[in-house]
Amino acid sequence: MKKVEAIIRHFKLEDIKTSLIECGVEGMTVTEVKGFGRQKGHTEMYRGNEYAIDFIPKVKVEVVIRDELLRPVIDKIIERAQTGQIGDGKIFVTDLVDAVRIRTGETGVDAV
Amino acid sequence: MPYAFAPAKRELTRFERHGPCECLGLRKTALRELSNMTSTHPGLPSYVVETRQRWIAGKQIIRQSHDAGSPGRTTVQSLSDLLDSVLIGLKQAILADLDRNLDKQTALVLHGGCGRREVAPFSDVDLLMLIPPKLEEGVKEYARRLSQGINDTGLALGFSMRSPQEACQFALKDPLTFSSVTESRYLAGSFNLYEEFLKGLRRVSQKNQDNLVAGILAARRQERMQYGETVYLLRPNIKRSRGALRDTHLIRWLGFVRFAENDIDQLCRLRAITSADAAQIHASTEFLLRLRCDLHFHANRAQDQLGRNEQVRLAEKFGYQGSEGVLPVEAMMQDYFRFTSQIQHVCDQFSSLSSPAKGFAGLVLEPLFTRQIENTFQVRSRSVGILAQAMERVKRDLSQIIRLIELAVELGRDIDHQTWVAIREVMEQARFDVTEELAQQFMTLLGKPKNLAKVLRILHEMKVLEKIVPAVAHARGLLQFNEYHQYTVDEHTLHAIEICTDFEKDTTIIGETYRRLPNKGILHLSLLLHDLGKGFPEEHCEVGRRIAIETCQRLLLSNDEAEAVRFLVHNHLMMSHLAFHRDTGNESLVAEFAANIGSTELLSQLFLLTLADIDAVGPGMLTPWKRDLLTSLFYHAREELTGHLSTEGYDPRFQKVYERVIEHGQDDAEREWLSRVVKRLPCNYCRERTADDIATQLLQLRDSPSDAVLCWIRPLTGDRICELVIAKRERIRSGIFYKVTGLLASMGFATQSADIKPLGNSLIWYWFQFEDQEFAKTPAERLEEVRKRSEEIAQGIDKEPPRFRKQWKTDVSLAAKLSRPPIRVKIDNHTVETATIIDVFAYNKLGLLYTITEKIFELGLDVQFARISTYGHQVFDVFYVTDSQGKKINNPRQLVQIRNQIEQVLKNFLEEATEE
């Protein structure tokens, strides 16, 4: 099992949600987050003027998937989230030790 | 005050006389079946097992009766009777084993809900065993077996054993215990002991009235803090939330302390509460008791939380039908909110009446603090009411009622109860028309942030608000059955207004925007109306739009005001939708949004409305994340509407640039001149240029003859944008701006922005930025031609009107015509203090800008700054104009004239274009 965390532009969420469901992802957690990456988050250019922004609003999507879904999920996120501009976001992948469905007590892949 | 409380020896209940089987119609075979159903308990005495069976069987029968529709009051009383019989049976069985005389030495007293005869299926049993001061060993064993027996029967027991004196002293120390024992009821044993206890309780109660009332009220307040301070909770606790059963108990407890009586009907006879209030309490209590019993029966445990699933189940069970646009569950909860609001109001009034007076001096001096206002209102130390002689007249006069409420809120007093009841009665029956005076008064009220939310809340509670805005009636207690909203529509609306008026104290851009808003009444009215379209089958923004139109007509608003309200209500979700679901860094999207809104005033109103609306959904809904996205969209759209002119005049951010320019001066006089002039240059110009460039140009200008015209032109790096600077001393208006825009258009350039700044001593600085529409890189000779002809225009040599190139036009299809953005001209006189802003929205055509600017010149206006934007077909131009004296235009008639004339010339020009 893998946990995929994607930090994306907030307005890309609907697109990504739809395509991940098509991919076979059965659940996701979405969080409103703020932060910065390589762009340092300090300024934003708009029609030539600069605005000070400490942290840029983004959305964090978390999904837990079977190993074989990892590649299609990442491909889909990139396909939908990419604009080619700075600030498109990041994807983090971690190995997951276990998962438990609280209602039934099922564990492992069955709980996902 | 004589005590009216006269306890009588209780009579045997039906359960005691006939037993549960006969009484409840349960056949003995059924009892045996039930006995088999319950597990056997070899360790339990047989009388406990039998008692348990009686309790379960009796409860089963009562449940059947409840399911068949018996009233809540009947159910709780039947359960109370059953409980009495079970306890007495248990007591008799225990005493048969011990000493029967123990019954005469002790008294069993039920208190709390059991004392009140309001026993829910899984209520606790609150039992007090009164004992003589000298405790005998046999009594201890009796108490031990009794409490154990009750527990083993399956009842949750709260048991205490005290002498009458101890019980009274203990009650005095703890308000919760005191309130519970005010509901005491004799069950069995020594009646003398019970009477002794009751007399003692009355005595301590009378002696400590003020402390007890304060303690009871504080305890209830604390409970409400935990279970909800508002009636309008979407998942209320049916016992403990605001307006729930506990508030009816509170009236009883306070009644016991102040009037020595806790029965509602007795309090009514003592005139402590009105008969109408008593009737309302009975009706509301009945509704709540029935709900509570069902919650307990269905959950098979003590369940007082009215959750969402239970709401749906109960609405179906109780046969709620709903109506078009209103779900059955929403209809049921509307009833719930109606009943609990009634309880809340009566409870608040009674609490206020019972609250500790300001001592003896307060009572004696009360008449001195009572005064009359306008021969209509009477202001007392705690309340404001209508004078008796004015009551008939004023209770039918909405204008005077608003005045009364404003007065009460301003003075921090309640509305006198009699006045409240009288007004509510009239509001239930009468119909009202909104007169011009009333409409004006209401809009004045809406325009003042201070106390507005409080006044509107009272107007709503008294049902006055719906006489002015009829659509409010439909939203009363209207549940929004979704996972998002946490309040009913009316509570959400009032809360949103509360949040919005609190922006007054906000220190961020939100507060600044709110404080600068000239007509806050429009924003507050829009907030009041924004969700009133809910609860109908049609989309609520669309229904809201119609409600807004009707309300604005009713309130006699001007066309502009009505248009703003209609727009805000209809589009109240527009900004949040864009901010949260679209890329707000996309220029054309922002421009389209700004063009849709059309003015910074309306944008500010929509921004504030959106923030208040989201915040009023529930605590924590307006996260910093959402606020940042909305604020960012607001900034971007505002810049579109103000033409990116973010600062006016001197900008401290350019201090270093100014200093370096000034250093170029050779002597003090030159440095002083540079210092004065450089700070008047357009900020964006200072950003684009080096200090050396600026100093060179300015010094050249200083040294030129008075009739000279200086003209510089250069391509800007990176794209097809070029800039043109013209500096000239002008004693009379020469129309350089519109003539140069005409020249640029005729030569195939699109003007993007223009800054016109007076530098002092009649020196005018024109700065244009324009884009070449014909060459990817503008040839030098082409630029030079622009410079030369611009110089000629400025010198007055070139007087020819521009000739625009003819363009081949294909037939414009109907679809293309319909998709064109509408032609609109908006005047914004509140964003900047030094100029009037004209926003022009139209579709593009060669020569359009020249037409507008020529008209502006003809109208005698000077352009200080202009920003020209084109997004596809959409043209969005912003002009900062002043009169010929450099002053903002403040005459409303002139402003209308300017708008109409520019709009007309645009229509003529563009319609000609269509016909080509």
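Residues numbered from 1 in each chain as written. Chains lettered and ligands numbered in written order. Predicted model: local features only at pLDDT ≥ 70, side-chain atom pairs only at ≥ 80, totals over all residues. Heavy atoms only, no water.

Caption draft 1: The arrangement of the overall build of chain A in detail. Secondary structure summary: chain A contains two helices and six strands in total. N-terminal to C-terminal, the α/β element order of chain A is β-α-β-β-β-β-α-β. Put simply, chain A has 112 residues, and 37% of those count as buried. Within chain A, contacts between residues at least 6 apart in sequence are counted, and of these 71% link residues at least 24 apart. Just so you have it, chain A exposes about 6,900 Å², and 51% of that area is on carbon and sulfur atoms. (Helix = DSSP H or I, 4+ residues; strand = E, 2+ residues; numbered from the N terminus. Buried < 20%, exposed > 50% of the residue type's maximum accessible area, 1.4 Å probe, protein only. Contact = heavy atoms within 4.5 Å. Areas by Shrake-Rupley, 256 points an atom, 1.4 Å probe, with all protein chains shown as cover.)

Caption draft 2: Highlighting the sheet that holds strand β6 (residues 89-95) of chain A. Residue and element names in this part refer to chain A. The four strands lie next to each other as β2-β5-β1-β6, forming an open sheet whose pairing is antiparallel. Sheet topology places β2 (29-35) and β6 at the edges, where each strand pairs with a single neighbour. Between one strand and the next, the sheet's axes are offset by a mean angle of 20°, whatever the strand orientation. Sheet analysis places strand β1 (residues 2-8) next to strand β5 (residues 56-65), joined by seven bridges and oriented antiparallel. Note on β5: the bridge partner recorded for E5 is E62. (Pairing = 2+ DSSP bridges. Axes fitted to C-alpha atoms, helices over the stretch in contact; angles between N-to-C directions.)

Caption draft 3: Quick look at the sheet that holds strand β1 (residues 107-110) of chain B. Residue and element names in this part refer to chain B. What the four strands build is an open sheet, ordered β3-β2-β1-β4; its pairing is mixed. Whereas interior strands pair on both sides, the edge strands pair on one side only; in this sheet they are β3 (157-162) and β4 (185-189). The average undirected angle you get between the axes of adjacent strands in this sheet is 25°. Bridge count between β1 and β4: four bridges; the pairing is antiparallel. Each residue of the ladder has a partner; that of L108, found in β4, is A188.

Caption draft 4: Layout of the packing of helix α4 (residues 72-97) of chain B against helix α7 (residues 137-153) of chain B. All names here are of chain B. Two elements in contact, α4 and α7, have axes separated by 10 Å at closest approach and are oriented at 135°. Relative to α7, the element α4 lies oblique. Judged by the sense of rotation from one axis to the other, the crossing of α4 with α7 is right-handed. Residue-level inspection shows V86, L87, L90, K91, I94, L95 and D97 of α4 in contact with α7, the latter providing Y142, R145, L146, G149, I150 and T153. (Parallel < 35°, antiparallel > 145°, perpendicular 65-115°, else oblique. Left-handed = near helix turned anticlockwise from the far one by under 90°.)

Caption draft 5: Here's a closer look at unusual backbone geometry. Residue and element names in this part refer to chain B. For E374, which is not a glycine, the phi torsion comes out positive at approximately 55°. Following the sequence through the fold, E374 ends up in the loop between β5 (371-373) and β6 (377-379). Look at E374 and you get partly exposed, because its relative accessible area is 46%. Backbone geometry at L556 places phi at a positive 55°, although glycine is not the residue there.

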